[in-house]
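Structural overview
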There are 2 protein chains.
Amino acid sequence: MRMRLAPLALAAAAIPALAADPPAVPYPDGYRDWQHVKSMVIEEGHPLYAAFGGIHHLYANALALEGYRSGRFPDGAIIVFDLLEANAADAAIVEGPRKVVGVMHKDVARWPATGGWGFEGFAGDSKTERAVGADAASACYSCHAPQKDADYVFSKARP
Amino acid sequence: MRMRLAPLALAAAAIPALAADPPAVPYPDGYRDWQHVKSMVIEEGHPLYAAFGGIHHLYANALALEGYRSGRFPDGAIIVFDLLEANAADAAIVEGPRKVVGVMHKDVARWPATGGWGFEGFAGDSKTERAVGADAASACYSCHAPQKDADYVFSKARP
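Residues numbered from 1 in each chain as written. Chains lettered and ligands numbered in written order. Predicted model: local features only at pLDDT ≥ 70, side-chain atom pairs only at ≥ 80, totals over all residues. Heavy atoms only, no water.

1. A look at the relation of the copies chain B and chain A
The transform that puts chain B on chain A rotates by 180 degrees and translates by 0.0 Å along the axis, for an RMSD of 0.0 Å. Between the two chains, the operation in question is that of a two-fold axis. The position closest to the rotation axis in chain B is occupied by the C-alpha of His 36 of chain B, lying 3.0 Å away. (Least-squares fit on C-alpha atoms with pLDDT ≥ 70 in both.)

Below you can see the structure in the form of structure tokens.
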């Protein structure tokens, strides 16, 4: 058996496509206990409506809070973009069901090709259904790249 | 000196107006680190626009989170209603300056006349400028009273 498996193991290790895929971004367990950074509503007619229409809240873990303060996010910093439907009626906008849990997870060694950040989106309330996967460079990083001076982060912390 | 001060002290203790004023509600120091419960936007034309127009976020301390789960808020539970201006432009609504930090602070012994809750509003970013003061019964509790079955709380916790 050992003789027959060895070539397969070598072959798998040599497949370039597998080696090039970025590591999966973990689901941000417990993020609802993290600090609420700020919120925003994106309505129909906004250029980002198709992707981000609704009301979103940003949450930051303790390392990400350091990043908001200093401008440089350390490895382990995680920012969650929690997007809910925004239901407008009777001169009020209330939160609806969750659309996606977007994640930026900083780790320079794991995600060197996308500014040191891993990007992912978890659909609805799922912890496993991934909306971004291997498309982070085109689906996320391409928009974040111009924010290089802010370590690729758009949001600012609000007191 | 002792002989002249004694009658004054007795007189002060006997003033009914002072005895009837509810205790002041403390400013909720550190509430921005508490859990974000939910948010809502109130726009022009809404019946509560004059008082609560803008985007508001609710934050709960650990004892208030118990209350959201069980339906009964223990003494020491504090809920903050953090009201910011909501600036609408280009199909987006973004947060503006803080308008008021509203507080509900549960303590049955301190605030028996208003459902066991102390109500207060701190203007803008001030920790001392009080918008409610001794008017809690008419300015706050009168609207909250019908919520008795939910321990006078309107909001529900969102996952």
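2. Description of helix α4 (residues 62-70) of chain B
Residues and elements named next belong to chain B. For α4, the full list of buried residues reads Ala 64, Leu 65, Gly 67 and Tyr 68. Taken end-on, α4 shows its buried residues confined to a sector of 155 degrees, consistent with a single buried face. Exposed residues lying more than 90 degrees from the buried face of α4 are Ala 62, Arg 69 and Ser 70. Looking at the buried residues of α4, the elements they touch are β1 (35-42), β2 (54-60) and β3 (78-89). Residue Gly 71 follows α4 closely and has a positive phi angle near 90 degrees. (Buried < 20%, exposed > 50% of the residue type's maximum accessible area, 1.4 Å probe, protein only. Helix = DSSP H or I, 4+ residues; strand = E, 2+ residues; numbered from the N terminus. Arc of directions from axis to C-beta. Contact = heavy atoms within 4.5 Å.)

3. A few points about the interface of chain B and chain A
Every contact between the two is made by 28 residues of chain B and, on the other side, 28 residues of chain A. Interface area, chain B with chain A, both sides summed: about 2,200 Å², of which 47% is carbon and sulfur. When the area that chain B buries against chain A is broken down by residue, the three leading residues are Arg 32, Ala 91 and Arg 158 of chain B, summing to 26%. Applying the counting rule to chain B against chain A returns 4 salt bridges. For Arg 158 of chain A, the salt bridge identified is with Glu 95 of chain B, shortest N-O distance 2.6 Å. Our count for the contact surface shared by chain B and chain A stands at 20 residue pairs in polar contact (both at pLDDT 80 or more). At the level of secondary structure, the elements contributing two or more residues to the side of chain B that touches chain A comprise β1, β2, β3 and β4 (92-106) of chain B. Tallied by class, residues from the side of chain B that touches chain A come to 12 nonpolar, 6 polar and 10 charged. Bridging between strand β4 (residues 92-106) of chain A and β1 of chain B involves 3 bridges; their strand directions are antiparallel. (Buried area = accessible area lost by both parts, 1.4 Å probe. Salt bridge = Lys/Arg side-chain N within 4 Å of Asp/Glu carboxyl O. Polar contact = N/O pair within 3.5 Å; in protein donor to acceptor, adjacent residues only side chain to side chain. Nonpolar A, V, L, I, M, F, W, Y, C, P; charged D, E, K, R; others polar. Pairing = 2+ DSSP bridges.)

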